[in-house]
Number of protein chains: 2
Amino acid sequence: MPKVAIAGAGLVGALNACYFAERGWDVEVYEYRRDIRTMEHVPGRSINLALSHRGKCALEAIGLKDYIVNQGVELHARLVHGKDGKTFSRQPYGQPGEHIVSINRRHLNEAMITQAEKKPKLFTLYVFFYSVNDSEVHVKADLILGCDGAYSAVRKSLSNYPGFNYSQEYIAHGYIELNILPKNGEYALEPNVFHLWPRGHFTLIALANRDKTFTVTIFAPFSVFEEEMSTPEDVESFFKENFPDAYELLGRDHLLGIFRSVRPQSLISIKCQPHHFSDFVLLTGDAAHAMVPFYGQGMNCGFEDCLVLSETLDACNGDICKTLSMYSEKRVKDAHTIIDLAMYNYEELKDLVNHPSYKLRKKLDLFLNRIFPKTWIPLYSMVTFTRIPYHQVMEDRGWQDKVLKKIKYSTMNIIALLTILGVYVARKHGKLHLK
Amino acid sequence: MPKVAIAGAGLVGALNACYFAERGWDVEVYEYRRDIRTMEHVPGRSINLALSHRGKCALEAIGLKDYIVNQGVELHARLVHGKDGKTFSRQPYGQPGEHIVSINRRHLNEAMITQAEKKPKLFTLYVFFYSVNDSEVHVKADLILGCDGAYSAVRKSLSNYPGFNYSQEYIAHGYIELNILPKNGEYALEPNVFHLWPRGHFTLIALANRDKTFTVTIFAPFSVFEEEMSTPEDVESFFKENFPDAYELLGRDHLLGIFRSVRPQSLISIKCQPHHFSDFVLLTGDAAHAMVPFYGQGMNCGFEDCLVLSETLDACNGDICKTLSMYSEKRVKDAHTIIDLAMYNYEELKDLVNHPSYKLRKKLDLFLNRIFPKTWIPLYSMVTFTRIPYHQVMEDRGWQDKVLKKIKYSTMNIIALLTILGVYVARKHGKLHLK
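Let us look at the structure shown here. Bear in mind that the values here come from a model prediction, so they are computed numbers and not experimental data.

Residues and elements named next belong to chain A. One open sheet accounts for three strands, arranged β3-β7-β4; its pairing is antiparallel. Looking along the sheet, the strands with just one partner apiece sit at the ends: β3 (49-51) and β4 (73-75). Each neighbouring strand pair of the sheet contributes to a mean axis angle of 40 degrees, computed without reference to strand direction. As defined by bridge partners, β4 adjoins strand β7 (residues 100-103) across three bridges and the pair is classed as antiparallel. Bridging across to β7, V73 finds its partner in S102.

Below is the structure:
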């Protein structure tokens, strides 16, 4: 049996390990951090994950879907919180029943590793320490999978080879994680919605966990953190003014405690092309395509990578060389598309959700979707509730935009025609005289 | 006096060393290759350089201009060679007298290092070897300049810091260097022009050297090298068919010898932002902005970096911290612009130079330039014969495009009006009857 060496025991590394163990390959996983299950939790640095269709399909193929979904909380709509702390606007994600699942990152990672370890003998988990001066590991394998995240060491080792295109882009925004505890043993906010406080340049979100807490994240430009949230007093008044209802639930002590101990974390977009090197190295997950978290697709895309890789291996009858180039060929453009969409969606989360034209389009999309469920699928739904390849999603959206534009113009034409006709009839009957 | 440590003794490193030595700083230059003056020449891998106004200005500021210019050959126009080996089209670069200077890269680098070494005591040249496992050098300095080229180690060490944006892009084309020797002791081709054989997907160029040789470069997609130039017979017939006159001058033996021993070299575009890190590291030259060679601005932009850095240091009264952020602020957008222009200019060199609309615009530009020498400067001239910041060059070009478009439309309007008037007059006089 061939052997695969997997760099990284994060979400995508663990899932890939399960896939290859199922396939009967020898699997070795290398992770330079300690076993996440034995580590202390560092608060302030995580963002909750939103599992959607692509991720679920990838989990289902190896029988993990139900187990994982049961660890999370269903979200059916966005609930937009007004600045007065009282008004709300509810925007369903899709048709009734369509939802995403909020999951705590650490919790999920622990579950994945435990599941992976259950696979029979084929699977070996190497957890070891890097010394301060990175020690090198020499591995012989038929396939090396770089699943070592946005700062991938495997990717770095490829970056000097001619033909390896690469870009990294930091956005001007950083984030800090906060928490809302249960209130009298119950959820302090409605659990089955994605809570959103969009305020133009910055935004706050809250996602429920199974333990009745909420993971809350504030996104803001670093300059806003520096200028408007530098002292405890500033933080307090900033939250009171912009997120009064959230402030009450977070509590002053928790808020100031986190802001004292944690600096805003940065967000990066990474693209590379191709995703493979020669006939034995492949990058998957964040190592190949780190994206900003605003479409909730980072993990889903990474999980789908495992599924696509498995499908491609099947299609190529296990020929690794063919598989890698075919995989890159199709996956690079999908990854690039969702990276761009994630960047764009930040505009939505920050601000657009409050615009009437945005709301109208959202409603129109859902209405047309109800009439033509197979032909007219809104952009968000295609990304979140289908496995239509990301690049095709954009093509379909382009087609929809064109149709709507035509309808708009035809409507305008009809109105213009009716007006002219009206004028003509009016003149004919002497009701209107142009001077 | 402050101390500057310069990584890299290439063209930009050596020029920066001269600048800082003149300024009275302690200067240390680190180079991991052997002294270029003692190295054997490796054929096939170099492209001649074209020194133009920006580079000359940078050399002039430290008294090196005349010395360097005298090592090169003036080029006043492009001479486009037809596929029959007989027809030519001459396209002047600018107004009479305006020219660029062709210089051999190695020759120039040697001259620069020798000049830098002549600077008084302040200057120390450290030439040493890296071992196979890169040995690390620890340097204490007030300023570290990364002048270590497209594959910069200094830049790599910055790439993990949040906020450092970076991209590298290989183009589909590679190149191979060839040479044309003197014929009966004289230049085998007209020396004072840039020889160009544009053939759509691929192109050949030839630039004269002072020793009466020509450095010739073929640019083609890697796929064309693989599919159409893989065997000696293929190379021969490819050159005979596409560049018959050049083939005669290159000679079969030389051509096949080079193709046997050298593989096509790749071409890369690199952008990063900012160019500095904290208050003590700055990237200049290819380390900050590698570009494809099609605008002949790589070295000129790198030399201008040294001048801009010096000007900025003066403007900031030697305050390094202020200098670095001010330098990045203006130089990043200039670098990004010329990188994009260089990429675009490949289209010109490959193909556009043969298009009538391109030739017309070129002539129109030069004509308008003669009438309005200060207001209407053609794009190529702004880049090549002025120090107008690159990003402003593009703004000016945008303005020119708009004017020409307006003129075009007004001309079309006038023609339309005259036509209608003509029809009207003709009908009035009974000369035209519409059926």
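There's more to say after this.
With that settled, the discussion passes to the packing of aromatic side chains. Each pair of aromatic rings is reported with the distance of its centres and the angle of its planes. Residues and elements named next belong to chain A. A full pass over the atoms with the stated rule returns 33 aromatic pairs over all chains. Summarising the aromatic geometry, the rings of F202 and F243 are spaced 6.1 Å apart at their centres and angled 90 degrees between planes, so their arrangement reads as edge-to-face. Of this pair, F202 sits in strand β12 (residues 202-208) while F243 sits in the loop between α7 (232-242) and α8 (244-250), and the two are 41 residues apart along the sequence. Each of the two residues, F202 as well as F243, counts as buried. Through a chain of ring-to-ring contacts, the aromatic side chains of F202, F225, F238, F239, F243 and F259 assemble into a single cluster. Sitting over the ring of Y390, R54 keeps its end group 4.0 Å from the ring centre.

This part is about helix α11 (residues 298-315) of chain A. Residues and elements named next belong to chain A. The end-to-end C-alpha separation of α11 is 25 Å, in line with the 26 Å expected for 18 residues at 1.5 Å each. Summarising burial for α11: 14 of the 18 residues are buried, a large majority. Backbone geometry just after α11 places N317 at a positive phi near 50 degrees.

Contact with chain B, which involves 14 residues of that partner, is made by 14 residues of chain A. Taken together, the connections running from chain B to chain A amount to zero salt bridges. At the junction of chain B and chain A, the tally comes to 10 residue pairs in polar contact (both at pLDDT 80 or more). With six residues, strand β10 (residues 165-180) of chain B is the single largest residue contributor to the side of chain B that touches chain A. Of the residues belonging to the side of chain B that touches chain A, the class tally is five nonpolar, seven polar and two charged. Both strand β10 (residues 165-180) of chain A and β10(B) contribute to a ladder of three bridges, which runs antiparallel. By the bridge assignment for β10(B), A:Y166 is matched with B:Q168.

Okay, the environment of A:I338 next. Residues and elements named next belong to chain A. Counting through the fold element by element, I338 comes out in helix α12 (residues 320-350). Using a relative accessible area of 0% as the deciding quantity, one classes I338 as buried. As for I338 and H391, which are separated by 53 residues in sequence, their C-alpha atoms are 7.8 Å apart. Not counting residues within four places of it along the chain, the set of residues in contact with I338 comprises M291, Y295, Q297, C301, V383 and Y390.

Moving on, we come to the sheet that holds strand β7 (residues 100-103) of chain B. All names here are of chain B. The sheet built from three strands is open, its strands ordered β3-β7-β4 with antiparallel pairing. With partners counted over all chains shown, the strands left at the sheet margins are β3 (49-51) and β4 (73-75), one partner each. This sheet shows a mean twist of 40 degrees between the axes of neighbouring strands, independent of strand direction. Bridge count between β3 and β7: three bridges; the pairing is antiparallel. When the bridges of β7 are listed, A50 appears paired with S102.

So, how was this worked out
- Residues numbered from 1 in each chain as written.
- Chains lettered and ligands numbered in written order.
- Predicted model: local features only at pLDDT ≥ 70, side-chain atom pairs only at ≥ 80, totals over all residues.
- Heavy atoms only, no water.
- Pairing = 2+ DSSP bridges.
- Helix = DSSP H or I, 4+ residues; strand = E, 2+ residues; numbered from the N terminus.
- Axes fitted to C-alpha atoms, helices over the stretch in contact; angles between N-to-C directions.
- Phe/Tyr/Trp six-rings, centres within 6.5 Å; stacked < 30°, edge-to-face > 60°.
- Buried < 20%, exposed > 50% of the residue type's maximum accessible area, 1.4 Å probe, protein only.
- Lys NZ or Arg CZ within 6 Å of the ring centre and 35° of its normal.
- Expected span 1.5 Å × (residues − 1).
- Contact = heavy atoms within 4.5 Å.
- Salt bridge = Lys/Arg side-chain N within 4 Å of Asp/Glu carboxyl O.
- Polar contact = N/O pair within 3.5 Å; in protein donor to acceptor, adjacent residues only side chain to side chain.
- Nonpolar A, V, L, I, M, F, W, Y, C, P; charged D, E, K, R; others polar.

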